[in-house]
Amino acid sequence: MEERILNIPVVWPDYYEDCGHCIESLREMLEGLDGVRTVSINADRRELGISYDPNFLTFEEIKDRGRALGVSIDEHYSHRTVRISGLDCPDCAQKLETAIKRIRGVGWATLNYATSTLIVEFEPQVTSLDAITGRVKDFGYDIEGPRAEYPAKSAILRNARLAATVISGVLLAAGGMVWLLAGASAAVSTLFILAAVIGGIFPARTAALSLRGLVLDTNLLVTVAALGAIALHEYAEAGAVMFLFSLGGTLEAYTVDKTRKSIMSLIDASPPTATVKRNGAYLSAAVQDIEVGEIVLIKPGDKVPVDGTIVEGESTIDQSPITGESVPVSKSTGDVVYAGTINGRGSIEVRTTSPAEDNTLARMVHMVEQAQSQKAPTQQFSEKFGRYYTPIVIGLAVLVAIAGPLWIGGGYKDWFGRALTLLVVSCPCALVISTPVAIVAAIGNAAKSGVLIRGGAHLEMLGDVSVIAFDKTGTLTKGQLSICGVIPFNSHNPSDVLGIAAAIESRSEHPLADAIVSNAQQANLPRRAVQFFEAFPGKGARAVVEGEVFYIGSTRFMQELGIDVPATTAMAELQMRGCSVVYLSDGEKLWGAIGAAHTLKPGSLDAIAKLKDVGVRKTVMLTGDTVQSGRAIAAQLGIDEQHAELLPEDKLRKIKELSTGRQKVAMVGDGINDSPALAAADVGVAMGGAGSPAAIEAADVALMADDIALLPYAISLSKKAKRIIKQNVALSLLVVVLLVFGALSKYISLAVGVVGHEGSALIVIANSMRLLKRSPTPSAAGVD
């Protein structure tokens, strides 16, 4: 396990000085993060000491989590994301990453070959971004400029490599034709050598830069092998090797580029400019220059450039780029829209509510970029295997070339050829890319469907989850209460009970008030005048409605007034359904009872059932609501276990209890009140990330659409990704063993070795790209 140890200053609110519980909450939250080993907080010096595995967690993420609790962690390190063009082989990426880590002042770096993204943390006082990008250029790669330049540069590089490959192939074919028709000659040898030289332009260039950096990579080994074949006068073999290697590199670059585009499409979802209303005129302005509060005009068919609230107009909005919802949503004055979504046929004016660098799309992109930096356990194994395996095989190749003729017999030319073949097949490129390409493809697919996954480790862990705990309100049920029954007493009718209750509750802030008032309005009941209102906190209220005194409140309030509450069958049924009940009386007799309860979110019942189908063995509900309410909701949804009347610390304790043993536990909540439990779970899943910055910062997985039906889809995608990764690793190891055995026993030639080497890498990439297939209905449990 890689470990990084930091001692960094922190800034917290003044009330932390006298709040030991606040500091303890910060420590527990950080300790609950995946990858954290130890946490210490020196309150007197305001210093945080933390050790963690950077493959699971970044310094930027630690800052985000601290910010959620009001704590600012000092900018001791600068965090930068750099996109690299020209990255053409996986082991080259690994060697470049190692070289960057060795730069003095670099605390940590990771280079993801699948996305050509370098994420680096460094001390600005010791080194600079220029020094880091200079090291990248030393290896022969370029730093991407503005987004618009990337496709052009990438296309030029791809076309040049393709042209070299085609010319090399034509020359190789021409040489073969002449040899078949006229036999061996100087012209044939020249054609084969030219095929090797032109096909080797790009590999040889990269090999020279690798040699300059004292790094052994596949390009260098294949170039040496081709030169060795020429030295042995095996010109056809040299031409075939370089053509096949160039062809494999070209196809590999093309297929990996499709994976990269899956991420770039998310980044490019926001338009660069927008129409802003300034001084009564509509002007075009760069999105990053639009300030909070400014009015933006969005025409039919345009992408929404900002997060904001509609102040004029109505339209339908395609929110699929952000939330994954397949059906456009109707929006009108007062509704919220998100950057990156697409306007329908209406024209709307939107008041900006957040700057471009902090809107919903920017937070999504930031989380995806963080996800690219975190290596899954399988990827760490692959890279560790490669670090030990490649030098061993290179040493074995040298031993074969020198000792083979002495120990076993035969000519040096024969054994030197075997050693060259062994060199070509020694780099486990397919193994190195077996995990990262699959991880990036899966995370890209999930992001397009409205599921943000913080990294490869969390993606793999999600597939291992066997127990899922849910918060109730806002997760399984709607946040608003709805009326579940009106029961009249003493010959009064339900309309009078509801109408008088609505009049009183129109002055109240009780949680039931909105539900009662809304239900009365829907029933078109006449509004009644209230002359007096007095609240009794925790009990109920008294009011004068149209000249008569009425009381509304709990059973205890009625008993204090001397009013008997009958235990009728209807009342028992309300309580069995988990309804919260309030009573209405005139101080002498009971008029009626009104029950209200949280209603299930659409899709909750189906989602719980599908979780069983994707391998979740137990579901648990943790709620602060009453036992009756919790029991009723759990029964409706078919949840295995429920715990009610819990405070946030009680939920945290329950998560720790569920985590005992080898079972992996996920916690699903709103990302704010449930943050301690989310952090303590093996996987924290936050609902409603599109409207909540805290939800994105607090969780390992964020469901952008606030749709619990996305959870079975995410787990199914994780399981599919794990299956594909295992297939890739198994295939890669099998091909490596077969190629090494074939090279040593001379069952395969140098050209066949290149075919096996490049072919296995292409198969692994193609297999991983199956994860890019968009599920037609993200709410479905399965992923095709």
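Our structure's up above, just so we're on the same page.
Please read these numbers as outputs of a predicted model, since none were measured by experiment.

Focus on the overall build of the chain
So, step 1. On a plain count of helices and strands, the chain comes out with 27 helices and 30 strands.
So, step 2. The burial tally for the chain puts 55% of its 784 residues in the buried class.
So, step 3. Contacts in the chain between residues at least 24 apart in sequence constitute 69% of all its contacts with a sequence separation of at least 6.

Structural notes on the packing of helix H21 (residues 604-613) against helix H26 (residues 710-745)
So, step 1. Closest axis-to-axis distance for the H21/H26 pair is 8 Å, and the angle between their directions is 20 degrees. On the basis of their axis angle, the class for H21 and H26 is roughly parallel. For the crossing formed where H21 meets H26, the hand is left-handed. The residues of H26 that touch H21, namely those facing Ala607, Lys610 and Leu611, are Leu711, Pro712 and Ile715.
So, step 2. In terms of residue class, the contact of H21 with H26 is built from five nonpolar, no polar and one charged.

Considering a nonpolar patch on the surface
So, step 1. A cluster of nonpolar side chains, namely Val398, Leu399, Ile402, Leu406, Trp407 and Ile408, defines an oily patch on the protein surface of about 710 Å² accessible area.
So, step 2. Structurally, Ile402 is set in helix H12 (residues 377-407).

So, the sheet that holds strand S28 (residues 664-669)
So, step 1. In space, the seven strands of this open sheet follow the order S18-S30-S29-S28-S19-S26-S27, with mixed pairing throughout. In the strand order of this sheet, the two ends are held by strand S18 (451-453) and strand S27 (641-643), each with one partner. Across the sheet, the mean angle separating the axes of adjacent strands is 20 degrees when strand polarity is ignored.
So, step 2. Pairing of S28 with strand S29 (residues 683-687), which is carried by four bridges, proceeds in the parallel orientation. Its bridge partner lying in S29, Met667 is registered against Gly684.

Focus: the packing of aromatic side chains
So, step 1. Counted by the stated rule, this structure contains three aromatic pairs.
So, step 2. A centroid spacing of 5.4 Å and a plane angle of 40 degrees characterise the contact between Phe536 and Phe557, whose relative ring orientation is tilted. Separated by 21 residues along the polypeptide, Phe536 in strand S21 (residues 530-536) and Phe557 in helix H19 (residues 555-560) bring together distant segments of the chain.
So, step 3. Summarising the aromatic geometry, the rings of Phe550 and Trp591 are spaced 5.0 Å apart at their centres and angled 85 degrees between planes, so their arrangement reads as edge-to-face. Of this pair, Phe550 sits in strand S23 (residues 548-553) while Trp591 sits in strand S25 (residues 590-600), placing them 41 residues apart in sequence.
So, step 4. On the basis of relative accessible area, Trp591 is assigned to the buried category, the value being 10%.

Thoughts on the sheet that holds strand S17 (residues 348-352)
Backbone-to-backbone hydrogen bonds pair the strands of a sheet. The strands run either parallel or antiparallel.
So, step 1. Spatial strand order, S10-S9-S11-S17-S12-S15: six strands in an open sheet with antiparallel pairing. Every other strand in the sheet has two partners, leaving strand S10 (281-286) and strand S15 (336-337) as the edge strands with one partner each.
So, step 2. Here strand S9 (residues 273-278) pairs with strand S11 (residues 295-298) via three bridges, running antiparallel. Residue pairing in the sheet places Lys277 in a bridge with Ile295 of S11.

Quick word on unusual backbone geometry
So, step 1. Positive phi outside glycine occurs at Asn490, with the angle close to 55 degrees.
So, step 2. Along the chain, Asn490 falls in the loop between strand S20 (477-488) and helix H17 (494-505).
So, step 3. If you check the backbone angles, Asn524 has positive phi at about 55 degrees while not being a glycine.
So, step 4. Among the residues examined, Asn524 registers a relative accessible area of 67% and is labelled exposed.

Things to note about the state of the cysteines
So, step 1. Enumeration according to the criterion identifies one disulfide in this entry.
So, step 2. Note that Cys484 is cross-linked by a disulfide to Cys579, the S-S spacing being 2.0 Å. With a gap of 95 residues between them, Cys484 in strand S20 and Cys579 in the loop between helix H20 (569-576) and strand S24 (580-585) connect regions that are remote in the sequence.

A few points about the pattern of salt bridges
So, step 1. The final tally for this structure, using the stated rule, is 14 salt bridges.
So, step 2. Residue Glu97 is joined to Lys101 by a salt bridge in which the shortest nitrogen-to-oxygen separation is 3.2 Å. A residue pair is termed a helical-turn pair when its members lie 3 or 4 positions apart in one helix, as Glu97 and Lys101 do in helix H3 (residues 90-101) at four residues.
So, step 3. The exposure class of Glu97 is buried, given its relative accessible area of 5%.
So, step 4. Residue classification places Lys101 among the partly exposed positions, given a relative accessible area of 31%.
So, step 5. Where Glu294 meets Arg278, a salt bridge forms, and the shortest distance between an N and an O atom there is 2.7 Å. Of this pair, Glu294 sits in the loop between S10 and S11 while Arg278 sits in strand S9; the two residues are 16 residues apart in sequence, bridging distant segments of the chain.

Definitions and cut-offs
Residues numbered from 1 in each chain as written. Predicted model: local features only at pLDDT ≥ 70, side-chain atom pairs only at ≥ 80, totals over all residues. Heavy atoms only, no water. Helix = DSSP H or I, 4+ residues; strand = E, 2+ residues; numbered from the N terminus. Buried < 20%, exposed > 50% of the residue type's maximum accessible area, 1.4 Å probe, protein only. Contact = heavy atoms within 4.5 Å. Axes fitted to C-alpha atoms, helices over the stretch in contact; angles between N-to-C directions. Parallel < 35°, antiparallel > 145°, perpendicular 65-115°, else oblique. Left-handed = near helix turned anticlockwise from the far one by under 90°. Nonpolar A, V, L, I, M, F, W, Y, C, P; charged D, E, K, R; others polar. Patch = residues over 30% accessible without salt bridge, like charges linked within 9 Å, V, L, I, M, F, W, Y side chains within 5 Å. Areas by Shrake-Rupley, 256 points an atom, 1.4 Å probe, with all protein chains shown as cover. Salt bridge = Lys/Arg side-chain N within 4 Å of Asp/Glu carboxyl O. Pairing = 2+ DSSP bridges. Phe/Tyr/Trp six-rings, centres within 6.5 Å; stacked < 30°, edge-to-face > 60°. Disulfide = S-S within 2.5 Å.

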